[in-house]
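# Structure at a glance
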Amino acid sequence: MCGRVWACVGCSRRRHWLLLSAAAPLLFFLLWLVWWRPDPALVAVFYPAAAERGPPPAAVDSERWLTVPVAPPLPPNGCIFLLETSGRRHITPREWCTVESAASAHPSMLVVLLAAAPRLRRSALTDRLLERNNTILARLDFGSLFADTPFERWYQSRAVLRSPWPVVHMSDAARIAVLLHHGGLYLDTDVIVRRSLAALDDGAGLQSEGIVASGVLKFSRDSAVPRLLASRLTEGYDPYNWGHNGPGVVTKVLTEACGLRDPPLAATHCGNYTIYGRQCFYAIPWKNWSLFLELDARDAVLERVNGSHLVHTWGRFTRERRVPPGSAYHQLAEQHCPWSLQQGGADF
């Protein structure tokens with residue numbers, strides 16, 4: 001009898017522990033919802049109108065700081081866009097590497113770096129790259145960007161501020177809005193461009209057998225796809241899902257329009273756009289990001305990306321890691337963004 005009683009007590013304790021373990025994540029999430037407040041500095045970046053009603057800013061030291069100008073009129077379908085949406089006051093050498101490699105591979109296209117910060121830290125690297133006749137820096141004004149698009153009400157609702165990843169989700173929306181306004185090519189700032197993408201069809205690339213990624217998007221201004229992407233994102237926006245609003249939306253819109261259903265997905269041409277195979281933009285999967293930095297993996301990585309138009313270096317994981325000389329990352333930078341590598345020095 002005693003043994004059976006203790007057995008029952010043990011079962012009860014195990015059930016309570018299992019219930020507590022299952023409930024803990026939900027409890028933490030609910031507490032996060034109650035106590036979460038967006039960073040005021042980030043609110044001022046995304047919604048600057050209220051902040052700009054304060055006292056006028058002090059004079060800017062032009063030797064140390066570069067004022068980010070308003071974008072000039074841009075040629076439709078003739079630009080490559082990169083975004084810095086966080087409001088950081090500096091662009092890293094690796095991000096400038098993307099600018100440099102894109103500009104070198106596309107001498108007849110204009111590379112536009114849109115930055116949310118009103119001014120950026122100046123350096124020999126920024127001056128050198130912005131001296132190129134096909135590279136410009138311009139202000140990313142979210143209010144103007146989203147005006148008269150499907151994003152306007154979403155932006156005004158400030159739903160993005162409920163997200164644990166507001167910068168990521170604002171970037172998801174901004175890249176689509178840029179293509180709605182101008183057409184052209186969007187690139188993430190953690191890629192190294194190896195060869196021109198100008199002749200490629202409109203479209204995006206497979207990251208895996210089940211995901212069409214949003215790190216490279218090419219659509220003309222008269223394409224219906226950016227508007228479909230915008231509508232799908234705003235109608236189904238999920239602030240608590242990191243990838244739902246970016247690659248999730250791109251995957252659903254492009255595969256549904258092509259009549260594709262279950263993975264594995266394969267490269268395909270559909271109507272007026274193409275879903276490119278993994279080799280084109282994402283030859284090295286994100287789970288293998290460390291291979292870019294491992295000396296003994298250099299030759300295998302370079303062979304793997306040899307047929308790629310660009311290399312996605314997965315900056316979410318690599319940005320805080322040193323790039324060793326002799327690694328695949330270092331060699332790709334030597335070939336395609338030598339000035340950024342040289343001027344970046346130990347900060348590259």
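The following refers to the structure shown. Along every chain, residues carry numbers that run from 1 in the direction the sequence is written. Local features in this predicted model are restricted to residues whose pLDDT is 70 or higher, and side-chain atom pairs enter the listing and the counts only when it is 80 or higher, whereas totals over whole chains, interfaces and linings include all residues. Think of the side-chain values as coming from all heavy atoms in the structure, minus any hydrogens and water.

For the rest of this paragraph, the subject is helix α9 (residues 225–235). Listing the buried residues of α9 in full gives Val225, Pro226, Leu229, Ala230 and Leu233. Seen along its axis, α9 keeps its buried residues to an arc of 140 degrees; they face one direction. Contacts made by the buried residues of α9 are with α7 (152–157), α8 (166–182), β9 (216–219), α10 (244–258) and β11 (273–276). Classification of residues uses two cut-offs on accessible area relative to the type maximum, computed with a 1.4 Å probe and protein chains only: under 20% is buried, over 50% is exposed, and between them is partly exposed. Each helix is a run of H or I in the DSSP string that is no shorter than four residues. Each strand is a run of E no shorter than two, and both are numbered from the N terminus. This arc describes the spread of directions from the helix axis toward the C-beta atoms. It only takes one pair of heavy atoms within 4.5 Å for two residues to be counted as in contact.

Contact geometry for α9 and α10: axes closest at 9 Å, N-to-C directions at 125 degrees. Relative to α10, α9 is oriented oblique. Like other packed secondary-structure pairs, α9 and α10 cross with a definite hand, here right-handed. Judged by residue contacts, Val225, Leu228, Leu229, Arg232 and Leu233 of α9 engage Asn245, Val249, Val250, Lys252, Val253, Leu254 and Glu256 from α10. In this count, Pro and Cys sit with the nonpolar residues alongside Ala, Val, Leu, Ile, Met, Phe, Trp and Tyr, while Asp, Glu, Lys and Arg are called charged and the others, Gly among them, polar. Tallied by class, the residues present in the contact of α9 with α10 amount to 8 nonpolar, 1 polar and 3 charged. Note on geometry: axes are C-alpha line fits, over the in-contact stretch for helices, and angles between N-to-C directions span 0 to 180 degrees. These descriptions rest on fixed angle ranges, namely under 35 degrees for roughly parallel, over 145 for roughly antiparallel, 65 to 115 for roughly perpendicular, and the rest for oblique. Each helix crossing is assigned a hand: it is left-handed if the near helix lies turned anticlockwise from the far helix by less than a right angle, otherwise right-handed if that turn is clockwise.

Moving on, we get to the side chain of threonine 98. For threonine 98, the location among the structural elements is in helix α4 (residues 93–105). Under the relative-accessibility criterion, threonine 98 is labelled buried at 0%. Not counting chain neighbours up to four residues away, the residues in contact with threonine 98 comprise Leu82, Asp188, Thr189, Asp190 and Val191.

The next point concerns the packing of aromatic side chains. Both the distance between ring centres and the angle between the ring planes are used here to describe each pair of aromatic rings. Here a Phe, Tyr or Trp ring, Trp counted by its six-membered ring, pairs with any other such ring whose centre lies within 6.5 Å, and the pair is stacked when the planes are under 30 degrees apart, edge-to-face when over 60, and tilted otherwise. Following the criterion strictly, the structure yields 15 aromatic pairs and no others. A centroid spacing of 6.1 Å and a plane angle of 65 degrees characterise the contact between phenylalanine 151 and tryptophan 154, whose relative ring orientation is edge-to-face. For the ring pair tryptophan 289 and phenylalanine 317, a centre distance of 5.9 Å and an interplane angle of 15 degrees mean the geometry is stacked. Of this pair, tryptophan 289 sits in the loop between α11 (278–281) and α12 (298–304) while phenylalanine 317 sits in helix α13 (residues 315–318), placing them 28 residues apart in sequence. Here tryptophan 289 falls in the buried class, since its relative accessible area comes to 16%.

Once that is clear, we can look at the pattern of salt bridges. For salt bridges, the criterion is a side-chain nitrogen of Lys or Arg within 4 Å of an Asp or Glu carboxyl oxygen. Per the stated rule, a full pass over the model turns up 7 salt bridges. A salt bridge links arginine 175 to aspartate 172; the nearest nitrogen and oxygen atoms lie 4.0 Å apart. Here aspartate 172 and arginine 175 lie together in helix α8, a separation of 3 residues that amounts to about one turn. Summarising the burial analysis for this pair, arginine 175 and aspartate 172 share the class buried. Connected through shared salt-bridge partners, Glu84, Arg88 and Glu95 make up one network.

Right, let's get into the state of the cysteines. Criterion for a disulfide: a pair of cysteine sulfur atoms at a distance within 2.5 Å. Within the structure shown, the criterion is met by 2 disulfides. In this model, cysteine 97 is linked to cysteine 337 through a disulfide, with the two sulfur atoms separated by 2.0 Å. When the S-S torsion is -70 degrees, as for the bridge of cysteine 97 with cysteine 337, the disulfide is left-handed. Of this pair, cysteine 97 sits in helix α4 while cysteine 337 sits in the loop between α14 (328–336) and α15 (338–344), and the two are 240 residues apart along the sequence. Exposure class is identical for cysteine 97 and cysteine 337. Each is buried. The disulfide partner of cysteine 258 is cysteine 270, and the S-S distance across this bridge is 2.4 Å. On the criterion of sequence distance, the pair formed by cysteine 258 in helix α10 and cysteine 270 in strand β10 (residues 268–270) is long-range, its members being 12 residues apart. Cysteine pairing for the chain (bonded cysteines numbered in sequence order): 1-4, 2-3.

This paragraph deals with α14. Among the residues of α14, those classed as buried are Ala328, Tyr329, His330, Leu332, Ala333 and His336. Packing partners of the buried residues in α14 comprise α4, β7 (191–193), α12, β12 (310–312), α13 and α15.

A few words on the nonpolar core. Here, the term nonpolar core denotes a set of buried Ala, Val, Leu, Ile, Met, Phe, Trp, Tyr and Cys residues that are joined through side-chain atoms within 4.5 Å. Formed by 53 residues in total, the largest nonpolar core has its most connected members in Leu187 and Phe281. Filtering out sequence-adjacent residues up to four positions away, phenylalanine 281 remains in contact with Leu197, Leu200, Ala204, Gly205, Val216, Tyr276, His309, Leu310, Val311 and His312. Formed by 52 residues, the second largest nonpolar core is a distinct cluster that contains Trp154, Val160, Ala173 and Ala177.

A few words now on unusual backbone geometry. Going from proline 263 to proline 264, the amide bond is cis rather than trans, its omega being 5 degrees. Along the chain, proline 264 falls in the loop between α10 and β10. The phi torsion at asparagine 77 lies on the positive side, around 65 degrees, for a residue other than glycine. The residue asparagine 77 is located in the loop between β1 (65–67) and β2 (79–84) in this model. A positive phi angle is found at arginine 158, which is not glycine, with a value near 60 degrees. For arginine 158, the location among the structural elements is in the loop between α7 and α8.

Okay, the pairing of β9 next. Burial of the side chains of β9 extends over both faces: Val216 and Lys218 are buried on one face and Leu217 and Phe219 on the other. Relative to β9, strand β6 (residues 184–187) runs antiparallel, the two being bridged by 4 bridges. Note that in β9 the partner of tyrosine 186 across the bridge is leucine 217. At least two bridges found by DSSP between two strands is the condition for calling them paired.

Function-wise, these values are silent; they only describe arrangement.
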